Amino acid sequence: MSEPKRNTGYDPKPVVVRKEKVQQLVEEISAATVRAWSGEQGFEYRGRQPLIRGRHSGIRAPHLRTDPEQDDFTACRGAADGIALRLRHSSIELHKSLMPESAVGKLLFELMEQLRVETLVEKRFPGMVKNLDYRYKDWCAKFCASEMTENHVGLLVCTIAQVVWSRLSGQPVNEATEGLIEPQRMMLAPHIGTFLLGMKRNIHDQQVFAENALGIVQVIDELVTNLHDEDDDSDSKAQEAFFSFGLYFDEEFEGHGNMPVATSEGGRKAYRDLLEQLESYRVYSRANDRVIEAEKLVVPFLRSKLRQQLDERIKGQGVNVHRLARELQMILAAPELDGWNFGEEEGYLDARRLSRLVTSPDYRQLFRKERYQPRSNCLVTFLVDNSGSMKEHISAIATLVEIMTRALERAGASTEILGFTTRSWQGGKAFKQWRSIDRKPNPGRLAELEHIIYKDADTPIKRARSNIAALLKQDIFKEGVDGEALLWAAERMTIRPEQRRILIVLSDGCPMEAATAQNNEEDYLDNHLRQVAAMIEARGDIELYGLGFGLDLSTYYRNSLELDLPEVLENRVFKEILQMLAKRR
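Remember, predicted model here, so these are calculated numbers, not experimental data.

Draft legend 1. Looking closely at the overall build of the protein. For the protein, the helix and strand inventory stands at 21 helices and 13 strands. Scored against the burial criterion, the 585 residues of the protein give a buried share of 50%. Put simply, of all contacts in the protein between residues at least 6 apart along the chain, 75% involve residues at least 24 apart. Working note: accessible area of the protein is about 29,500 Å², and carbon and sulfur atoms make up 50% of it.

Draft legend 2. Summary view of the sheet that holds strand β11 (residues 500–507). With respect to topology, seven strands assemble into an open sheet ordered β4-β10-β9-β8-β11-β12-β13, the strand pairing being mixed. Because the sheet does not close on itself, it has two edges, and the strands there are β4 (290–293) and β13 (559–563). Taking the axes of each pair of neighbouring strands and ignoring which way they run, one obtains an average angle of 20 degrees across the sheet. Pairing of strand β8 (residues 378–385) with β11 involves seven bridges; the strand directions are parallel. By the bridge assignment, V384 is partnered in β11 with L506. In this fold helix α18 (residues 482–494) packs onto β4, β8, β9 (414–422), β10 (449–455), β11 and β12 (543–549), with an angle of close to 155 degrees to the strand it touches most, β11. Along the sheet, helix α21 (residues 571–582) contacts β11, β12 and β13; its crossing angle with β13, the most-contacted strand, is approximately 170 degrees.

Draft legend 3. Local environment of the pattern of salt bridges. Under the criterion given, the structure shown has 30 salt bridges. Where K142 meets D71, a salt bridge forms, and the shortest distance between an N and an O atom there is 2.9 Å. One end of the pair, K142, is in helix α5 (residues 126–144); the other, D71, is in the loop between β3 (55–56) and α2 (73–89), with 71 residues separating them in the sequence. Note on D71: relative accessible area 10%, which makes it buried. The partner of E416 in a salt bridge is R492, with the nearest N and O atoms 2.6 Å apart. Residue E416 is found in strand β9, and its partner R492 is found in helix α18; the two are separated by 76 residues along the sequence. The class of E416 is buried, set by a relative accessible area of 4%. A residue is classified by how much of its surface remains accessible, and R492, at 21% relative accessible area, is partly exposed. Sharing partners across several salt bridges, the network here consists of R307, D311, E402, R406 and R465.

Draft legend 4. Region of the structure containing the sheet that holds β3. Here we have three strands laid out as an open sheet, ordered β1-β2-β3, and antiparallel in their pairing. Of all the strands in the sheet, just β1 (43–46) and β3 have a single pairing partner and so form its edges. As paired elements, β1 and strand β2 (residues 49–52) share four bridges and run antiparallel to each other. Directly across from Y45, in β2, lies its bridge partner P50.

Draft legend 5. Expanded view of α2. Its 17 residues give α2 an end-to-end C-alpha distance of 24 Å, which sits within 8% of 24 Å, the value for a rise of 1.5 Å per residue. Judged by how many residues are buried, α2 sits mostly within the fold: twelve of 17 residues are covered. Listing the buried residues of α2 in full gives A75, C76, G78, A79, A80, D81, G82, I83, A84, L85, R86 and L87.

Draft legend 6. Region of the structure containing a positive patch on the surface. On the surface, a cluster of positive charge is made up of R423, K429, K432, R435 and R439. Looking at the secondary structure, you find K429 in helix α16 (residues 429–437).

Draft legend 7. Quick look at the environment of H95. By the element assignment, H95 lies in helix α3 (residues 92–97). Distance from H95 to Q206, taken between C-alpha atoms, is 8.3 Å for residues 111 residues apart in sequence. Once you skip the residues sitting within four places of it in the chain, H95 turns out to touch R86, F109, E110, E113 and Q206. Reaching out from H95, the side chain makes a polar contact with the side chain of E110 at a distance of 2.8 Å.

Draft legend 8. Looking closely at the confidence of the model for the protein. Across the protein, the average pLDDT comes to 81, with 84% of residues at or above 70. Confidence drops under a pLDDT of 50 for residues 229–245, and excluding neighbours within four residues, the segment shows 25 contacts in the predicted structure. A low-confidence stretch, residues 248–266 (pLDDT under 50), is modelled with 46 contacts involving residues beyond four sequence positions or located in other chains.

Draft legend 9. Up close: the environment of A517. With respect to the element layout, A517 can be found in helix α19 (residues 514–518). Overall, the relative accessible area of 38% leaves A517 in the partly exposed class. As for A517 and R445, which are separated by 72 residues in sequence, their C-alpha atoms are 8.4 Å apart.

Cut-offs applied
Residues numbered from 1 in each chain as written. Predicted model: local features only at pLDDT ≥ 70, side-chain atom pairs only at ≥ 80, totals over all residues. Heavy atoms only, no water. Helix = DSSP H or I, 4+ residues; strand = E, 2+ residues; numbered from the N terminus. Buried < 20%, exposed > 50% of the residue type's maximum accessible area, 1.4 Å probe, protein only. Contact = heavy atoms within 4.5 Å. Areas by Shrake-Rupley, 256 points an atom, 1.4 Å probe, with all protein chains shown as cover. Pairing = 2+ DSSP bridges. Axes fitted to C-alpha atoms, helices over the stretch in contact; angles between N-to-C directions. Salt bridge = Lys/Arg side-chain N within 4 Å of Asp/Glu carboxyl O. Expected span 1.5 Å × (residues − 1). Patch = residues over 30% accessible without salt bridge, like charges linked within 9 Å, V, L, I, M, F, W, Y side chains within 5 Å. Lys, Arg positive; Asp, Glu negative; His and termini not counted. Charge placed at Lys NZ, Arg CZ, Asp CG, Glu CD. Polar contact = N/O pair within 3.5 Å; in protein donor to acceptor, adjacent residues only side chain to side chain. pLDDT = per-residue confidence, 0-100.

Right under this line is the structure:
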């Protein structure tokens, strides 16, 4: 007889893993697979984008775009195997040189080249064969079941995707969708049959295979031109489905997250769309929001104690601040007029020296030249996430921020250190007011914001040392509304006179405020952050960067860096940050 369980008073709770962590873990495993199979050691995933040495890989087949929230691990692994085969068996340069001009043509050409390399998988790797087969069939099934097949272009893409895959792999088309694509397949057969045969016979020859693939593209382009299906462009739901299945193939978006700069017509339209989305963001009440100096949050005695802790930590770091300042100046400095050099043999004529020609006809130093000196006419703002999950990182982050601030001031740049959190947990007064008065659905942001100024741009670091130490005060850290904090920091920067403005966000993940998250549509704060970041990046007057601690922030920020801060900061950490900043020069 088994002994009855005793009540120990301990009720274990399930561990909740944030979806961003799951996505990052899946991407790390997938990237390791690609590197191992392809031999391309510079490959990595960032924000679901396949990169090689920090640049877009050029691989954009739609079924390789996965979402860990919707696709299982086998599908993600199949996509990684497909990318590995692409890097191993395809010339990206040749493929790019043969790329057709039309949007649908680019999509189909990319898809057919990917199907070619997947056909080359060796049968002695049954796991890879299974993963590839599973991923493609899963993508096809979801695509054919979506709203995309309700318009002519989507149905043509679905048909070509299945017909080409069936011919190359030797497997029958999906039985569930065979009836859907049969009319299109019968209509296309006389026009693309020869090209399909040429592709099948030349799967080992990329050039010849591509010539046959371009034949199919030409047939489809002619059909699309003749259809003139106006509903394709006007149906917003169809366009959302188009994007969700990875069917957008816009060069403007390559390597830049989800937002093009607002210079081209397409970029300006996307920018206007973003502004409309931002206007839909709701705030239930701003009555209890506040902006406060750090010195008002921490009593003087405690600030002194925290300052001593931070000083001791900084003393133990192996960082050469003088060298860091020189390197920063090289990146941030721009030439500015600093007077004139006289007595030159060319340049602007100096009238004061003309009299010398009377006594010395051979005299040539009659000119003057503008003298330029490099100056860092630049503002760098550090926006520190003060949400609860950042407590474990804050000692290292405070050390990093202070060292960077010291070096930046030596380099001649202005600096600001800001923080953001909430005044209360789970909404505070605003949430209680909403709950007691109306309880209307989707009320918007319910939290009381607390935006903290640790150091403003006009205060030198020597006078701000005590306030910077307030970063270490643990009870400041509550919840985070990142999007509004980003707007606040950007607005402060726009009124400054500096010509170059750099905003660096230091965070460990997505926005999270319990009251708002529980009473609004899903990902309400998360989507707002994406929209604000995209708007700032598109506007172009502020350079926006993200420093992630334990999490890749590239899903939010176009330019980002994931840092693993050691107990003792090394020059390596700062070198990575400098490399990120130098890319925008």
